[in-house]
Amino acid sequence: MKLRFQKDDIVNGISIVMKAVPSKTTMSILECILIDASSGEIKLTGNDMELGIETTVNGEILEHGKIALDAKLFSEITRRVSSQNAVVTIESDDKFNTTISCENSVFNIQGRDGDEFSYIPYIEKNKYISLSQFTLKEVIQQTIFSISPNDSNKMMAGELFEVNENQLKVVSLDGHRISIRNIELKNNYEHKKVVVPGKTLQEVSKILPGSAEEDVNMFLTDNHIVFEFDDTTVVSRLIEGEYFKIEQMLSSDYETKVKINKRELLDCIDRATLLVKEGDKKPIIMNVTDGNMELKINSFIGSMNEDIDIVKEGKDILIGFNPKFFIDALRVIDEEEVSLYMVNPKAPCFIKDDEGKFIYLILPVNFNASTV
């Protein structure tokens, strides 16, 4: 096999498929990237058996073939060689001895038989759901922070993707909060519900160019989800099982409604966190009265309080929250004003819009009112 690339092309291709290369595995072949130039195009593949990524790279095929190269070493060599516009040549013999050369640099490394590599599974691509790259990237970023960081509950480590006619609902939760985004699709589709691993969505978000003009095609099967965009295909296993009954956790009842400037609220809470060390569980206290929300925080470092003008409907309320949860939600809301809906100091707070595009549910935290 002998191939020739522009440095930027091969480096970009490697960075895409590296997202699916496991850091630790009992199958050493999976620590490799497959270079397949056995047909008329050059494909790179990474696969950890849960997530597989394949991308087509621009390059010149001088001799056909395929080989698996240690992913980390391959990435570092190509990234560090010479200038951006340099030409990288990769050549291997029938014993998989591989030479990577670029200008004055020549590396000789041992490759492995490409036939040993586990290809990403073939998925029937009969029906697909189409949405813009920008929309998919955005909706992942607007919900991914609410998945559970540990795997104690596998459902919390993924996100629900539910398609119903021309609506896509994306849901994540971690036991303390729920994030819901409703996206209007260009076409109507049959009803389908799948739970996609958070790791998959994080990696897709990183490699999606995010163009508003270009689309992503999503193929949903019983066991896999496939994302196709540009020259890249991402195949992931789904999380098996029934997702949580979200509708039972949502309510339209409220005793207090607060309309508030989003940027003022976000900046205030962000300032308050200066007094909270990592690991401390100090709540931000909201004291809601007519026309005013007073925000307070008391920590081992010090205290802060600040007033923000609001429009209030209903009862006064004194309620506490984990400040990080509010910051995470407010940062991904584009609206200038947000509406908070609350029932009592022990019931969830809902941040939602009138059109139903988003709902963020945040559970309150207990605090000692006498210390406020």
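Residues numbered from 1 in each chain as written. Predicted model: local features only at pLDDT ≥ 70, side-chain atom pairs only at ≥ 80, totals over all residues. Heavy atoms only, no water.

*Asks:* Help me understand the overall build of the chain, please; the structure alone is not making it clear to me.
*Replies:* Of regular secondary structure, the chain possesses six helices and 25 strands. Each principal axis of the C-alpha distribution contributes one length, and for the chain these read about 80 × 50 × 40 Å. Burial statistics for the chain: of 372 residues in total, 49% are counted as buried. Pairs at least 24 apart in sequence give 67% of the contacts found in the chain among residues at least 6 apart. Side chains of the chain give 42 positive and 61 negative charges; the mean places of these two sets differ by 5 Å. (Helix = DSSP H or I, 4+ residues; strand = E, 2+ residues; numbered from the N terminus. Buried < 20%, exposed > 50% of the residue type's maximum accessible area, 1.4 Å probe, protein only. Contact = heavy atoms within 4.5 Å. Lys, Arg positive; Asp, Glu negative; His and termini not counted. Charge placed at Lys NZ, Arg CZ, Asp CG, Glu CD.)

*Asks:* For this particular structure, what's the right way to read the packing of aromatic side chains?
*Replies:* Centre distance and the angle of the planes are the two values used to describe a pair of aromatic rings. Evaluated as defined, the whole model comprises six aromatic pairs. Ring geometry for Phe-145 versus Tyr-360: centroids 6.1 Å apart, planes at 20°, classification stacked. Of the two residues, Phe-145 is situated in the loop between helix 3 (133-141) and strand 12 (158-173) and Tyr-360 in strand 25 (residues 358-362); the sequence distance between them amounts to 215 residues. Between Tyr-254 and Tyr-341, the aromatic rings sit 5.1 Å apart at their centres with planes inclined by 75°, giving edge-to-face as the arrangement. (Phe/Tyr/Trp six-rings, centres within 6.5 Å; stacked < 30°, edge-to-face > 60°.)

*Asks:* Would you explain the layout of surface pockets in this entry?
*Replies:* Think of a ball as big as a water molecule: rolled over the atoms, this probe shows where empty space is left. What the largest pocket holds in volume is close to 700 Å³. Lining the largest pocket are 25 residues, and of these Asp-280, Lys-281, Asn-322, Lys-324 and Phe-325 sit closest to its centre. With three residues, helix 6 (residues 323-331) is the largest single contributor of residues to the lining of the largest pocket. Broken down by class, the residue content of the lining of the largest pocket amounts to 11 nonpolar, six polar and eight charged. (1 Å grid on protein atoms, 1.4 Å probe; cavity = no way out; pocket = protein on both sides within 12 Å on 5 of 7 lines; lining within 4 Å. Points joined across faces, edges and corners; volume = space filled by probe spheres on them. Nonpolar A, V, L, I, M, F, W, Y, C, P; charged D, E, K, R; others polar.)

*Asks:* Sorry, what's going on with the side chain of Lys-262 here?
*Replies:* As for its placement among the helices and strands, Lys-262 is situated in helix 5 (residues 262-272). The buried charged residue Lys-262 lacks any salt bridge partner; its closest oppositely charged side chain belongs to Asp-334, at an N-O distance of 5.8 Å. Every residue in contact with Lys-262, bar those within four places of it in the chain, is listed here: Leu-330, Ile-333, Glu-335, Glu-336, Glu-337 and Val-338. (Salt bridge = Lys/Arg side-chain N within 4 Å of Asp/Glu carboxyl O.)

*Asks:* Would you mind going over the pairing of strand 17 (residues 256-261) with me for this structure?
*Replies:* Along any regular strand the residues' side chains alternate between the sheet's two faces. In this structure, strand 17 lies alongside strand 21 (residues 311-314), joined through four bridges in antiparallel fashion. Along strand 21, the bridge assignment pairs Lys-257 with Glu-313. (Pairing = 2+ DSSP bridges.)

*Asks:* Looking at this structure, I do not really get the environment of Leu-363. What am I missing?
*Replies:* With respect to the helices and strands, Leu-363 occurs in the segment after strand 25. Here Leu-363 falls in the partly exposed class, since its relative accessible area comes to 31%. Between the C-alpha atoms of Leu-363 and Phe-350, which are 13 residues apart in sequence, the distance is 8.9 Å.

*Asks:* Where do I start with the side chain of Thr-221 in this structure?
*Replies:* With respect to the element layout, Thr-221 can be found in the loop between strand 14 (215-220) and strand 15 (224-229). A polar contact is formed between the side chain of Thr-221 and the backbone nitrogen of His-224, at a distance of 2.9 Å. Non-local contacts of Thr-221, meaning those with residues more than four positions away in its chain, are made with Ile-123, Glu-124, Lys-192, Val-194 and Leu-238. (Polar contact = N/O pair within 3.5 Å; in protein donor to acceptor, adjacent residues only side chain to side chain.)

*Asks:* How should the sheet that holds strand 20 (residues 303-309) be read in this particular structure?
*Replies:* The four strands are arranged 20-19-18-22 in an open sheet whose pairing can be described as antiparallel. Across the chains shown, the open sheet's two edge strands, defined by having one partner strand only, are strand 20 and strand 22 (317-321). Averaged over all pairs of adjacent strands, the angle between their axes in this sheet comes to 20°, without regard to strand direction. Pairing of strand 18 (residues 284-289) with strand 19 (residues 292-298) involves five bridges; the strand directions are antiparallel. Residue pairing for strand 19: Ile-285 is matched across the bridge by Lys-296. Lying over the sheet, helix 5 contacts strand 18, strand 19 and strand 20, oriented at roughly 175° with respect to strand 20. (Axes fitted to C-alpha atoms, helices over the stretch in contact; angles between N-to-C directions.)

*Asks:* How do you make sense of the pairing of strand 1 (residues 2-6) when you look at a structure like this?
*Replies:* Covered by surrounding structure in strand 1 are Leu-3 and Phe-5 only, the residues Lys-2, Arg-4 and Gln-6 on the alternate face being uncovered. Alignment of strand 1 against strand 7 (residues 87-92), held across five bridges, turns out to be antiparallel. By the bridge assignment for strand 7, Leu-3 is matched with Ile-90. Pairing analysis gives three bridges linking strand 1 to strand 5 (residues 60-63), with the strands arranged antiparallel.

*Asks:* Looking at this model, I keep getting lost on the packing of helix 1 (residues 7-17) against helix 2 (residues 71-80). Mind explaining?
*Replies:* Each packed pair of helices is defined by two parameters, the angle between the axes and the distance between the axes. With their axes 9 Å apart at the nearest point, helix 1 and helix 2 run at an angle of 150° to one another. Comparing their axes, helix 2 and helix 1 come out roughly antiparallel. Seen along the crossing, helix 1 lies across helix 2 with a hand that is left-handed. Between helix 1, through Lys-7, Ile-10, Val-11 and Ile-14, and helix 2, the contact on the second element is made entirely by Phe-74, Ser-75, Thr-78 and Arg-79. Class assignment for the residues of the contact of helix 1 with helix 2 results in four nonpolar, two polar and two charged. (Parallel < 35°, antiparallel > 145°, perpendicular 65-115°, else oblique. Left-handed = near helix turned anticlockwise from the far one by under 90°.)

*Asks:* Can you help me understand a negative patch on the surface in this one?
*Replies:* A grouping of Glu-63, Glu-91, Asp-93 and Asp-94 is seen on the molecular surface, where their side chains present a negatively charged patch. Along the chain, the position of Glu-63 falls in strand 5. (Patch = residues over 30% accessible without salt bridge, like charges linked within 9 Å, V, L, I, M, F, W, Y side chains within 5 Å. Areas by Shrake-Rupley, 256 points an atom, 1.4 Å probe, with all protein chains shown as cover.)

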